[in-house]
Amino acid sequence: MIIIYSLITILAFSVFSILILNNYKTTQIRNNEIRLFQTANIVAEVYKKNIDDIIFARMMVRSYGKQANSRILVLNSNQKVLIDNYHSYINDTINNQEIKSSLTGKSKSTLYDLKNKEVLQLSVPITLNEAGETRIIGAVLISADMNLINRNVKSLKNDMFKIACSALIITLLLTIVVTNNLTKPLRDLTYGVEKISSGDLGYSIKRKAKGEVGKLINTFNNMSNTLNKVEKNRKNFINNISHELKTPLTSIKVLIESLTMADNNIKTYKEYLKDIYNETDRMEKLVNYLMTSIKLEDIVLDMNEEDLNEILDDTVKLITPYAKKNDVSITLVNTENINVRCDKDRIKEVLFNLIDNAIKYRDDKKANNYISITLKKYQNKAIIAIEDNGIGIDEKNLEDIFKRNFRVLEGPTQSQNKIKGYGIGLTVVKNIIEKHNWKIRVESSLERGSIFTISVPL
Ligand code: ADP
C-alpha cells in the first residue's frame with residue numbers, strides 16, 4: 001500500500017516538474033528572443049545613423065554585443081559581413097535562412113539544438129526610407145548561446161529534485177503514521193476475532209474509535225458479550241440438568257440396591273417400586289423439557305379455525321386440580337366466543353405454561369392466592385389476560401424472562417431453589433405466540449403479582 005502511495009506521489013511530482021520546467025524554459029527563451037530582437041533593431045538604427053562612420057558603428061555594435069552577451073553581425077544587402085563584434089567573419093558572405101528572410105523584409109528567429117548547446121539565431125532587416133520609398137540595405141544577425149537558460153533550468157531541476165525527495169520522505173512518514181493509526185483498530189478487531197475463535201468468549205476491545213470502525217468495535221464487543229452469556233447459560237443449564245438427572249438416578253440405584261439386599265414382602269416391593277416410578281416420572285419430565293428446548297426452533301403449526309373460549313375452558317379444567325392442591329383459585333371471565341385461526345394444542349401449551357407459572361410463583365405469605373383469566377375483544381383484537389397475585393417479578397428482570405434458560409430465582413445450584421424450573425417455559429410461550437404472529441407482554445411488580453397479556457389480531 002505504502003509503495004503504491006509513494007509511486008503515485010513520485011509520478012504526480014515528476015509530471016508536475018516536467019510541466020513546470022518546460023514552461024520555465026519556453027518563457028525564458030521567449031523573453032530572450034524579445035530582448036535580442038530589440039537589440040537587433042537598435043543596432044540596425046545605430047548602423048543606419050552611422051553608415052558613414054563605420055568605426056563608430058563597430059564600437060557601438062561591440063558594446064551592444066557585450067551587453068547582450070551575443071555575437072552581432074551587420075551585413076549589407078549582398079550578405080557580406082560589414083561588422084562582426086568578434087571580428088572573424090568580416091567580409092565573409094553568410095547565407096542562412098534568417099539573413100535570407102530579413103533581406104526580403106521579414107525578421108526571423110530559429111532555435112538551433114547543436115551538439116552540446118542551444119543557440120538562438122535571429123535577424124532583422126536594415127531599412128532606409130528615401131523619397132517615400134523603403135529600401136532594404138542589409139540585415140543584423142544575432143546569435144546567442146542559450147546555455148545560461150539551460151544552466152538555470154538544470155539548477156531549478158536540482159532544487160525541484162531536492163524538494164521532491166523531501167516531500168516524498170515527509171509523505172511517506174505521514175502515510176506510515178496515518179495508515180498505522182487507521183489500521184490499528186482493524187488489527188485489534190482481527191486479534192479479537194482470533195481470541196473468540198480460540199474460545200476466549202467475552203473478550204472485549206478496549207480501543208475507542210470513531211465512525212464506522214467504532215460502530216464495528218461496539219458490535220464486536222456486544223457480540224462477544226452475548227456469546228459469553230450464552231456460553232455461561234449453556235454451562236449453567238447443563239450443570240443443572242446433570243444435577244437434576246443425577247438425583248433421581250442415585251435414588252433409583254439406592255432403591256434397587258435395598259430391594260436386592262434383603263428378602264422383602266410384597267408391600268415393601270410395591271412401595272419401593274412406587275418410589276422408583278416417581279423418580280423415573282421426574283426424569284421423563286426433565287427429558288421432555290430438554291427435547292422441547294432443543295426443538296424450539298422447529299415448531300410447525302397445525303392451523304385451524306378454533307374457538308378461543310373453548311381452548312381456555314379446556315386448559316383451565318385440566319389445571320384446576322393442580323391449582324386446588326396448591327390453594328390457588330382460578331376464575332375465568334369470558335364474555336364472548338371468539339374464533340381465530342391457530343394451532344389449538346400449541347395455544348393450550350402456552351396457556352398451560354402461563355397458568356402453571358402463576359401457580360408455581362404464588363406468594364405463600366398471602367392468605368388468598370388467585371389467578372384471574374379474562375378473554376375480551378378490544379378494538380380489532382382479542383385480548384387474553386392472565387393475572388396473578390403471586391410473588392411478582394423485579395422490573396430489572398422483566399425484559400429477560402422470555403430468554404432461554406433465564407430464571408429469576410436462580411440459586412448457586414438448582415437444589416438450593418425451592419421452586420423448580422429450567423427457564424424454558426416462557427421461551428416456548430413466546431416462540432409459539434410469535435409463530436402465530438400474535439403478541440405477548442408482561443406487567444409485574446414484586447410482591448403484588450403479574451399480568452401476562454396476549455393480543456390476537458382478528
Ligand atoms: P421456569 O419457570 O422453568 O423457571 P419460565 O421460562 O417459565 O421458566 O420463567 C422464567 C422466569 O420468569 C421464572 O424463573 C420466574 O422467575 C419468572 N416468572 C415467570 N412467570 C412468573 C409469574 N407468574 N410470577 C412470578 N415470576 C414469574
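Glancing now at the overall build of the chain. Counting secondary structure elements, the chain contains nine helices and twelve strands. Rg of the C-alpha trace for the chain: 53 Å, well past the compact-globule value of 23 Å for 458 residues, more than 25% over. Each of the three principal axes of the chain carries a C-alpha extent, and together these read 160 × 60 × 40 Å. Pairs at least 24 residues apart make up 64% of the contacts formed inside the chain by residues separated by at least 6 positions.

Residue position: Asp327 is located in the loop between helix H7 (308-325) and strand S7 (328-334). According to the relative accessible area criterion, Asp327 is exposed, its value standing at 64%.

Okay, the pattern of salt bridges next. Taken as a whole, this structure holds 19 salt bridges when the rule is applied. Here Lys25 makes a salt bridge to Glu118, at a shortest N to O gap of 3.1 Å. With Lys25 in helix H1 (residues 2-49) and Glu118 in strand S4 (residues 118-130), the pair connects residues that are 93 residues apart, well separated along the chain. For Lys25, a relative accessible area of 24% puts it in the partly exposed group. With a shortest N-O distance of 3.7 Å, Lys195 and Asp200 are connected by a salt bridge. Residue classification places Lys195 among the partly exposed residues on the basis of a relative accessible area of 25%. Connected through salt bridges with shared partners, the residues Glu231, Arg234 and Lys235 form a single ionic network.

This brings us to unusual backbone geometry. Most of the time, phi is negative for any residue but glycine, and the peptide bond is trans. In this model, Asn69 sits at a positive phi of 55 degrees, which is unusual for a non-glycine residue. Counting through the fold element by element, Asn69 comes out in the loop between helix H2 (54-68) and strand S1 (70-76). Note on Asn69: relative accessible area 64%, which makes it exposed.

Across all of its chains, the model carries two aromatic pairs by this definition. Plain terms: the ring middles of Tyr191 and Tyr203 are 5.8 Å apart, the flat faces sit at 75 degrees to each other, and that makes the pair edge-to-face. With Tyr191 in helix H4 (residues 147-197) and Tyr203 in the loop between H4 and helix H5 (211-261), this residue pair connects regions lying twelve residues apart in the sequence. Of the residues examined, Tyr191 reaches a relative accessible area of 44% and is grouped as partly exposed. For Tyr203, a relative accessible area of 22% translates into the label partly exposed. Taking the centre distance of 6.4 Å and the plane angle of 80 degrees together, the rings of Phe402 and Phe452 count as edge-to-face.

Here the focus is the domain arrangement of the chain. Looking at the assigned domains, one finds that the chain contains domain 1 (2-154), domain 2 (211-294) and domain 3 (301-457). On a C-alpha basis, the centroid separation for the pair domain 2 and domain 3 is 24 Å.

This next bit is on H2. Spanning 15 residues, H2 covers 21 Å between terminal C-alpha atoms, matching the ideal 21 Å at 1.5 Å per step. Looking one or two places after H2, you find Asn69, whose phi comes out positive at around 55 degrees.

Bringing the packing of H4 against H5 into the picture now. Their axes nearest at 11 Å, the elements H4 and H5 cross at an angle of 15 degrees. In this view, H4 runs roughly parallel relative to H5, as classed from their interaxial angle. Crossing hand, H4 versus H5: left-handed. Counted together, Pro185, Leu189, Gly192, Val193 and Ile196 of H4 and Val213, Leu216, Ile217, Phe220, Ser224 and Leu227 of H5 form the full contact between these two elements.

With that settled, the discussion passes to the nonpolar core. Counting 43 residues, the largest nonpolar core has Leu308, Leu354, Trp438, Phe452 and Ile454 as its most contacted members. Top contributing element to this core by residue count: helix H8 (residues 344-360), with seven residues. Structurally, this core is a two-domain feature, drawing no fewer than three residues from each of domain 2 (211-294) and domain 3 (301-457). Here Trp438 is in contact with Leu308, Val340, Arg341, Cys342, Ile347, Ile433, Ile454, Ser455, Val456 and Pro457, once residues within four sequence places are set aside. Leu21, Ile72, Val124 and Ile149 belong to the second-largest nonpolar core, a separate cluster that totals 28 residues.

Before going further, it helps to examine the sheet that holds strand S11 (residues 439-445). Spatially, the five strands line up as an open sheet ordered S7-S9-S10-S12-S11, and their pairing is mixed. Each edge of the open sheet is held by one strand with a lone partner, namely S7 and S11. For this sheet the average axis-to-axis angle between neighbouring strands, irrespective of direction, equals 15 degrees. Here strand S9 (residues 369-378) pairs with strand S10 (residues 381-388) via eight bridges, running antiparallel. Counterpart to Lys376 in the pairing with S10 is Ile383. Against the sheet, H7 contacts S7, S9, S10 and strand S12 (449-457), and its axis sits at roughly 170 degrees relative to S7.

Procedures and definitions
Residues numbered from 1 in each chain as written. Predicted model: local features only at pLDDT ≥ 70, side-chain atom pairs only at ≥ 80, totals over all residues. Heavy atoms only, no water. Helix = DSSP H or I, 4+ residues; strand = E, 2+ residues; numbered from the N terminus. Rg over C-alpha atoms; globule rule 2.2 N^0.38 Å. Contact = heavy atoms within 4.5 Å. Buried < 20%, exposed > 50% of the residue type's maximum accessible area, 1.4 Å probe, protein only. Salt bridge = Lys/Arg side-chain N within 4 Å of Asp/Glu carboxyl O. Phe/Tyr/Trp six-rings, centres within 6.5 Å; stacked < 30°, edge-to-face > 60°. Domains from an automatic or database assignment. Expected span 1.5 Å × (residues − 1). Axes fitted to C-alpha atoms, helices over the stretch in contact; angles between N-to-C directions. Parallel < 35°, antiparallel > 145°, perpendicular 65-115°, else oblique. Left-handed = near helix turned anticlockwise from the far one by under 90°. Core = buried A, V, L, I, M, F, W, Y, C linked by side-chain atoms within 4.5 Å. Pairing = 2+ DSSP bridges.

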